[in-house]
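# Remarks on the overall topology
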Amino acid sequence: ESPAGQLYVRLKELGIQIEGEWWVDEEGTAYVVDLALPIKESWLPVAFGERPVPAGSLRFGAKDEPDVCLREIQARLRTFK
């Protein structure tokens with residue numbers, strides 16, 4: 001399974017709401033990100049690899065370990081609480 005898929009499952013197991021393959025429209029430019037997490041009145045886009053992403057996204061390498069990504073996502077989510 002892909003890192004994005006593994007991370008999706010881990011976040012769901014932790015009870016964190018998450019969406020997969022999410023479309024983001026930013027000022028007329030459309031992006032597809034691997035994952036999106038709701039934050040306040042918006043979404044935190046998460047992408048793996050080199051695809052273009054909107055500003056403020058978390059980007060991970062295609063081979064990054066899911067546990068490392070999970071810790072970074074959790075840290076970012078804490079800043080929005």
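For the structure itself, look to the data block above.
Let us look at the pattern of salt bridges. Under the counting rule described, the total for this entry stands at two salt bridges. Asp 67 is the partner of Arg 10 in a salt bridge, and the nearest nitrogen-oxygen pair spans 2.4 Å. Taken together, the residues Arg 10 in helix H1 (residues 3–13) and Asp 67 in helix H2 (residues 66–78) connect sequence positions 57 residues apart.

Below, the discussion takes up the side chain of Asp 34. Assignment of secondary structure puts Asp 34 in strand E2 (residues 29–39). Once you skip the residues sitting within four places of it in the chain, Asp 34 turns out to touch Ala 4, Glu 19, Gly 20, Glu 21, Val 46, Ala 47, Phe 48 and Arg 51.

Here we come to the packing of aromatic side chains. Scanning the model with the defined rule gives two aromatic pairs in all. Between Trp 22 and Trp 43, the aromatic rings sit 4.4 Å apart at their centres with planes inclined by 35°, giving tilted as the arrangement. Taken together, the residues span a long stretch of sequence, with Trp 22 in strand E1 (residues 19–26) and Trp 43 in strand E3 (residues 42–48) at a distance of 21 residues. Exposure remark for Trp 43: the relative accessible area of 29% places this residue in the partly exposed category.

Parameters and conventions
Residues numbered from 1 in each chain as written. Predicted model: local features only at pLDDT ≥ 70, side-chain atom pairs only at ≥ 80, totals over all residues. Heavy atoms only, no water. Salt bridge = Lys/Arg side-chain N within 4 Å of Asp/Glu carboxyl O. Helix = DSSP H or I, 4+ residues; strand = E, 2+ residues; numbered from the N terminus. Contact = heavy atoms within 4.5 Å. Phe/Tyr/Trp six-rings, centres within 6.5 Å; stacked < 30°, edge-to-face > 60°. Buried < 20%, exposed > 50% of the residue type's maximum accessible area, 1.4 Å probe, protein only.

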